[in-house]
Amino acid sequence: MTAEFWVTQAFNGLSYGALLFLLASGLSLIFGVMRIVNLAHGSYFMLGGYVGLSVVWRTGSYTAAIFAGALAIALVGAGMERLFLRRLSGQTLGQVLMTVGFALIFQDLALLIWGGDPYSIQAPAALQGVLTAGAVRFPVYRIFMIVVAVGVGAALWLALDRTRAGAMIRAAVDDREMAQGVGINVPVVSLAVFALGAALAAAGGVIGGGFIGVYPGSDFEMLPYAFVVVIVGGLGSLPGAMVGSLLVGLLDNFGKALFPELSYFTLFAPMALILALKPTGLFGRV
Amino acid sequence: MIDRRIAAGAAALALAGLVAPTLPSYPLTLLTQAAIVAILAMSLDVLLGYTGLPSLGHAAYFGIAAYAVGILATETQVGFIGCLLAGVLLATAAAALFGLLAIRATGVYFLMITLALGMVVWGLAFRWVSMTKGDNGITGVPRPELGLPWNLAAPLPFFYFALVATVLAWAALGVLVRSPFGLSLKGIRESETRMRALGYNVWLHKYLSFVISGLFAGFSGVLWAWYNGFVSPVDVQLVTSVEALLMVALGGPGTLAGPALGAASIVFLKNFVSVYTKRWLLILGAVYIGVILFAPRGVLGAFRRGR
């Protein structure tokens, strides 16, 4: 266990946490506003990756892929919310089963359209190098992921904390009925938050496509991570999603490196413990 | 009403038992599968339908028992009784432990914590390779020797074995939900605060319901390992837990026969559709959505007030 090992693993954990933040921040916001346990959130990540892949194949533009993936999946998410989930407001179990139904359909559609082969999204040349500091190597793409996550996190925080729309979202998270009562159009806020959450997950999928690839099954593989982040951080809390992502990214990396056989256990057991001690998560409110 | 339901269920089981010898082996194995999965659905219904707690990690107990049987039956010489006891007891112990963590939470938080605990088990099944063989799963789990003239390796005797097990589980759970204990569970489902005010120990009732539910899920898992001869992380994954919820929702929570019927429907649907088309996931997904949209009473009747 040299110093390089710790630095490398910490850096890897940090960059993985950055990817998780893109996925989980949207899930957390959606949960906060609508109290929906969205099991289709991993599907947004996977579908975003596939849409991005197709855009890269057609246009060759990585930037266009990120935005096209985010936009396309935002529409998918908005459709799901507006046409289906809204009817089930307050019916927890019905919502869970419905989002599972969508997740299965998305999984099969992706298989139908893009086939079963794993792909990787080609990152621009500028993001492909490796920086070295002494014996430690830092892939530029991982640094890029961290930069994106920090940027998105800062933008989300500013938007939630400093803008009128953000105040409306926070009001809807705190108390849906009161927010409605003071004249906030909560259904529109819900729709917007759902679309935003789906878009963030999809953008994460495109960026993740250059890192872990785009493949069938990535939806249900990423979903547990997103849930762990949200549960640990606290449902509906942006700082919670930040801290949770960081924690989960690090735990996962060190778990895999130090106890490969128990790696999922080292991730999930602390979460179960946090939940048992503080059911609302680290930053969550009831 | 209740007696009529029991009579209908008994008639269906008797009919299944009578026609079984005339069936080709494929429908017979599906019927066996339906009988075993029906126990899982009924066990979840004790929690979901009668106590009002939607568990999103029920496959954990099913899977723990299946893994216990898989490991014991392939690595050691433990026989029928040993495997059965080990599987059921381990599942019950896991439910007893998880219940301590989960019962504190209500509503959506209960869903989340059971989901999380289910994932702990899935993570172990997937990665604890030296014990569980990881993604490859445990193959060649032998069916037990009962010391009786019938060989359970053949489809027909094993079907009757599973049928008897299902009848026993149904009867036991039927007695449970009609007992004073079962009635107080229903009371908790309807109004926790009122039951507390009446002096009932709500936490203990919920906890016992959780543990009993885990016990029967474990029983189902033991049978599953014998039936399938193969145990893998698929048996403990989230989708399996959700499928159990769908079975209960489809049949109607709060009735034992309903979830059993729901289980049989899903087993037959999955297998028949996958014969005719590769797109069975698409159809299964549509079934989820259709059930929620068009059969809300079966699905949500018990949950209209729940959050």
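The structure under discussion appears in the preceding block.
Residues numbered from 1 in each chain as written. Chains lettered and ligands numbered in written order. Predicted model: local features only at pLDDT ≥ 70, side-chain atom pairs only at ≥ 80, totals over all residues. Heavy atoms only, no water.

This part takes up the overall build of chain B. In terms of helices and strands, chain B carries 14 helices and 2 strands. In terms of C-alpha radius of gyration, chain B reaches 19 Å, essentially the compact-globule figure of 19 Å for 307 residues. For chain B, the C-alpha atoms occupy an extent of roughly 55 × 45 × 40 Å along the three principal directions. A buried classification covers 56% of the 307 residues belonging to chain B. Summarising the internal contacts of chain B: among those between residues at least 6 apart in sequence, 77% fall at separations of at least 24. As displayed, chain B offers around 12700 Å² of accessible surface, 68% of which is attributable to carbon and sulfur atoms. On chain B, the mean spot of the 19 positive side-chain charges and the mean spot of the 9 negative ones are 11 Å from each other. (Helix = DSSP H or I, 4+ residues; strand = E, 2+ residues; numbered from the N terminus. Rg over C-alpha atoms; globule rule 2.2 N^0.38 Å. Buried < 20%, exposed > 50% of the residue type's maximum accessible area, 1.4 Å probe, protein only. Contact = heavy atoms within 4.5 Å. Areas by Shrake-Rupley, 256 points an atom, 1.4 Å probe, with all protein chains shown as cover. Lys, Arg positive; Asp, Glu negative; His and termini not counted. Charge placed at Lys NZ, Arg CZ, Asp CG, Glu CD.)

Here helix α5 (residues 107-127) of chain B is 21 residues long and its end C-alpha atoms lie 31 Å apart, about the 30 Å a rise of 1.5 Å per residue gives. Most of α5 of chain B sits inside the fold, with 18 of its 21 residues counted as buried. (Expected span 1.5 Å × (residues − 1).)

Turning our eyes to something else, we now look at the pattern of salt bridges. Following the criterion strictly, the structure yields 9 salt bridges over all chains and no others. Between Asp-252 of chain A and Lys-256 of chain A there is a salt bridge, with the nearest N and O atoms lying 3.3 Å from each other. Taken together, the positions of Asp-252 of chain A and Lys-256 of chain A, both in helix α10 (residues 238-258) and 4 residues apart, correspond to about one turn of that helix. Its relative accessible area of 35% is what places Lys-256 of chain A among the partly exposed residues. In this structure, Lys-133 of chain B and Glu-75 of chain B form a salt bridge, with 3.4 Å as the shortest nitrogen-oxygen distance. With a gap of 58 residues between them, Lys-133 of chain B in the loop between α6 (129-132) and β1 (138-139) and Glu-75 of chain B in helix α3 (residues 59-75) connect regions that are remote in the sequence. Relative accessible area serves as the criterion here: at 39%, Lys-133 of chain B is assigned to the partly exposed category. Judged by relative accessible area, which is 55%, Glu-75 of chain B ranks as exposed. (Salt bridge = Lys/Arg side-chain N within 4 Å of Asp/Glu carboxyl O.)

To continue, consider the interface of chain B and chain A. Each side of the interface is counted separately: chain B has 45 residues, and chain A has 48 residues. Between chain B and chain A, the buried area comes to about 4200 Å², and carbon and sulfur atoms account for 79% of it. Ranking the residues of chain B by area buried against chain A places Tyr-109, Met-112 and Arg-127 of chain B at the top, with a combined share of 16%. Our enumeration of links across chain B and chain A arrives at 1 salt bridge. For Arg-279 of chain B, the salt bridge goes to Asp-108 of chain A, with nearest N and O atoms at 3.0 Å. Run the count over chain B and chain A and you get 2 residue pairs in polar contact (both at pLDDT 80 or more). At the level of secondary structure, the elements contributing two or more residues to the side of chain B that touches chain A comprise α5, α6, α11 (238-251) and α13 (280-294) of chain B. By residue number, the principal contributor to the side of chain B that touches chain A is α5 of chain B, which donates 15 residues. Partitioned by chemical class, the residues of the side of chain B that touches chain A number 36 nonpolar, 4 polar and 5 charged. (Buried area = accessible area lost by both parts, 1.4 Å probe. Polar contact = N/O pair within 3.5 Å; in protein donor to acceptor, adjacent residues only side chain to side chain. Nonpolar A, V, L, I, M, F, W, Y, C, P; charged D, E, K, R; others polar.)

Bringing the packing of aromatic side chains into the picture now. All chains considered together, the criterion is met by 26 aromatic pairs over all chains. Between Trp-57 of chain A and Tyr-119 of chain A, the aromatic rings sit 5.1 Å apart at their centres with planes inclined by 85°, giving edge-to-face as the arrangement. In this pair, Trp-57 of chain A is assigned in helix α2 (residues 41-59) and Tyr-119 of chain A in the loop between α4 (92-114) and β1 (130-133), connecting sequence segments 62 residues apart. Of the residues examined, Tyr-119 of chain A reaches a relative accessible area of 27% and is grouped as partly exposed. Ring geometry for Phe-80 of chain B against Phe-161 of chain B: centres 6.0 Å apart, planes inclined by 65°, an arrangement best described as edge-to-face. Here Phe-80 of chain B is found in helix α4 (residues 80-102), whereas its partner Phe-161 of chain B is found in helix α7 (residues 155-178), with 81 residues between them in sequence. Within the aromatic cluster, the residues linked to one another by ring pairs are Phe-62, Phe-80, Phe-158, Phe-161, Trp-224, Trp-226 and Tyr-227 of chain B. Lying across the ring of Phe-158 of chain B, Arg-143 of chain B places its NZ or CZ 4.1 Å from the centre. (Phe/Tyr/Trp six-rings, centres within 6.5 Å; stacked < 30°, edge-to-face > 60°. Lys NZ or Arg CZ within 6 Å of the ring centre and 35° of its normal.)

We now examine the pairing of β1 of chain A. All names here are of chain A. Judged from the 4 bridges that link them, β1 and strand β2 (residues 136-139) form a sheet pairing that is antiparallel. Bridging across to β2, Leu-131 finds its partner in Phe-138. Taken together, β1 and the strand that follows it, β2, pair antiparallel across an intervening segment of 2 residues, in which Gly-134 is found at a positive phi of about 65°. (Pairing = 2+ DSSP bridges.)

Looking now at a nonpolar patch on the surface. A grouping of Trp-6, Leu-258, Phe-259, Leu-262 and Phe-265 of chain A together with Trp-128 and Met-131 of chain B is seen on the molecular surface, where their side chains present a nonpolar patch of about 610 Å² in accessible area. The partly exposed category is assigned to Phe-259 of chain A, whose relative accessible area is 46%. (Patch = residues over 30% accessible without salt bridge, like charges linked within 9 Å, V, L, I, M, F, W, Y side chains within 5 Å.)

Right, let's talk about the packing of α2 of chain A against α4 of chain A for a bit. Residues and elements named next belong to chain A. Their axes nearest at 10 Å, the elements α2 and α4 cross at an angle of 20°. Judged by the inter-axis angle, α2 sits roughly parallel to α4. Crossing geometry of α2 relative to α4 is assigned as left-handed. Each of Ser-43, Tyr-44, Met-46, Leu-47, Tyr-50, Val-51 and Ser-54 in α2 lies in contact with α4, whose residues at this interface are Ala-103, Phe-106, Gln-107, Ala-110 and Trp-114. The residue makeup of the contact of α2 with α4, split by class, is 9 nonpolar, 3 polar and no charged. (Axes fitted to C-alpha atoms, helices over the stretch in contact; angles between N-to-C directions. Parallel < 35°, antiparallel > 145°, perpendicular 65-115°, else oblique. Left-handed = near helix turned anticlockwise from the far one by under 90°.)

For the rest of this paragraph, the subject is α13 of chain B. Here α13 of chain B spans 20 Å end to end across 15 residues, near enough to the 21 Å set by a 1.5 Å rise per residue. For α13 of chain B, the complete set of buried residues consists of Leu-281, Leu-284, Gly-285, Tyr-288, Ile-289, Val-291, Ile-292 and Leu-293 of chain B.

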